[in-house]
Amino acid sequence: QVQLVESGGGLVQAGGSLRLSCAASGRAFSSYNMAWFRQAPGKEREFVAAINWGDGRTSYTDSVKGRFTISADNAKNMVYLQMNSLEPEDTAVYFCGVTRFWRGSRWSVYDMNYWGKGTLLTVSS
């Protein structure tokens with residue numbers, strides 16, 4: 001059974017940095033893709049970044065390009081989201097999800113097969 005557990009959320013001031021982690025277990029993930037989504041209060045869950053665990057290719061939504069970096073540690077089955085230059089608009093619950101299929105630049109919540117329960121990031125102005 002696949003399990004995803006996010007951690008690392010918290011309260012940070014605008015302009016600050018934080019790293020989120022997602023621990024994956026339950027299968028071999030070398031041919032899978034991991035993505036981070038986020039959901040702000042009253043809004044739909046939206047794509048943030050994705051990485052292919054096999055070849056390391058990445059994808060980002062435009063609003064985080066140059067500020068966020070997704071990475072993976074295959075040996076530990078961990079995926080990270082390094083977030084720099086944080087803005088109040090980044091405040092959301094951040095979820096990690098996994099899917100067999102690479103979606104390029106267009107990712108949807110419906111693409112993901114498994115989800116974690118999320119971790120809350122609050123960016124104060």
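Our subject is the structure listed above.
Structural notes, computed from the coordinates. Throughout this description, residue numbers start from 1 for each chain and increase along the sequence as written. pLDDT decides what is reported in this predicted model: residues at 70 or higher carry local features, side-chain atom pairs at 80 or more are listed and counted, and totals for whole chains, interfaces and linings draw on all residues regardless. Side-chain metrics in this entry use all non-hydrogen atoms of the structure; hydrogen atoms and water are not considered.

**Observations regarding the packing of aromatic side chains**
1) Next: Classification of ring pairs uses Phe, Tyr and Trp, with its six-membered ring standing for Trp, and accepts pairs whose centres are within 6.5 Å; under 30 degrees between planes counts as stacked, over 60 as edge-to-face, and the remaining range as tilted. All chains considered together, the criterion is met by seven aromatic pairs.
2) Next: When the ring of F37 is compared with that of W115, the centres are 5.1 Å apart and the planes differ by 80°; the resulting orientation is edge-to-face. Of the two residues, F37 sits in strand β4 (residues 33–39) while W115 sits in strand β10 (residues 114–115), which places them 78 residues apart along the sequence.
3) Next: What links up through ring pairs into an aromatic cluster is the set F37, F47, F95, W102, W107 and W115.
4) Next: Stacked on the ring of F95, the Lys or Arg R45 has its end atom at 3.6 Å from the ring centre.
5) Next: We call a charge positioned over a ring when the NZ of a Lys or the CZ of an Arg lies within 6 Å of the ring centre and within 35 degrees of the ring normal. Over the ring of Y32 we find R100, and its NZ or CZ is 5.1 Å from the ring centre. Strands here are runs of E lasting at least two residues and helices are runs of H or I lasting at least four, both read from the DSSP assignment and numbered beginning at the N terminus.

**A closer look at the nonpolar core**
1) Next: Take the buried Ala, Val, Leu, Ile, Met, Phe, Trp, Tyr and Cys residues and link them wherever side-chain atoms come within 4.5 Å; each set so joined is a nonpolar core. When accessible area is computed with a 1.4 Å probe and restricted to protein chains, residues below 20% of their type maximum are described as buried, those above 50% as exposed, and intermediate ones as partly exposed. In terms of nonpolar packing, the biggest core is built from 29 residues, with M34, W36, L81 and Y94 touching the most fellow members.
2) Next: Breaking this core down by element, the ones donating at least two residues are β3 (18–25), β4, β5 (46–52), β7 (68–73), β8 (78–83), β9 (92–99) and β11 (119–124).
3) Next: With four residues, β9 is the largest single contributor of residues to this core.
4) Next: With six residues, the next largest nonpolar core counts A35, F37, A50 and M112 among its residues.

**What about the state of the cysteines?**
By definition, a disulfide links the sulfur atoms of two cysteine residues through a covalent bond.
1) Next: A pair of cysteine sulfur atoms is labelled a disulfide when the two atoms are within 2.5 Å. The full count for this structure, using the stated rule, is one disulfide.
2) Next: In this model, C22 is linked to C96 through a disulfide, with the two sulfur atoms separated by 2.1 Å. Residues C22 and C96 are joined through a disulfide that is right-handed, its torsion about the S-S bond being 60°. In this pair, C22 sits in strand β3 while C96 sits in strand β9, placing the two residues 74 residues apart along the sequence.
3) Next: On the basis of relative accessibility, which here comes to 0%, the residue C22 falls in the buried class.
4) Next: Taking the relative accessible area as the measure of exposure, C96 reaches 0% and is therefore buried.

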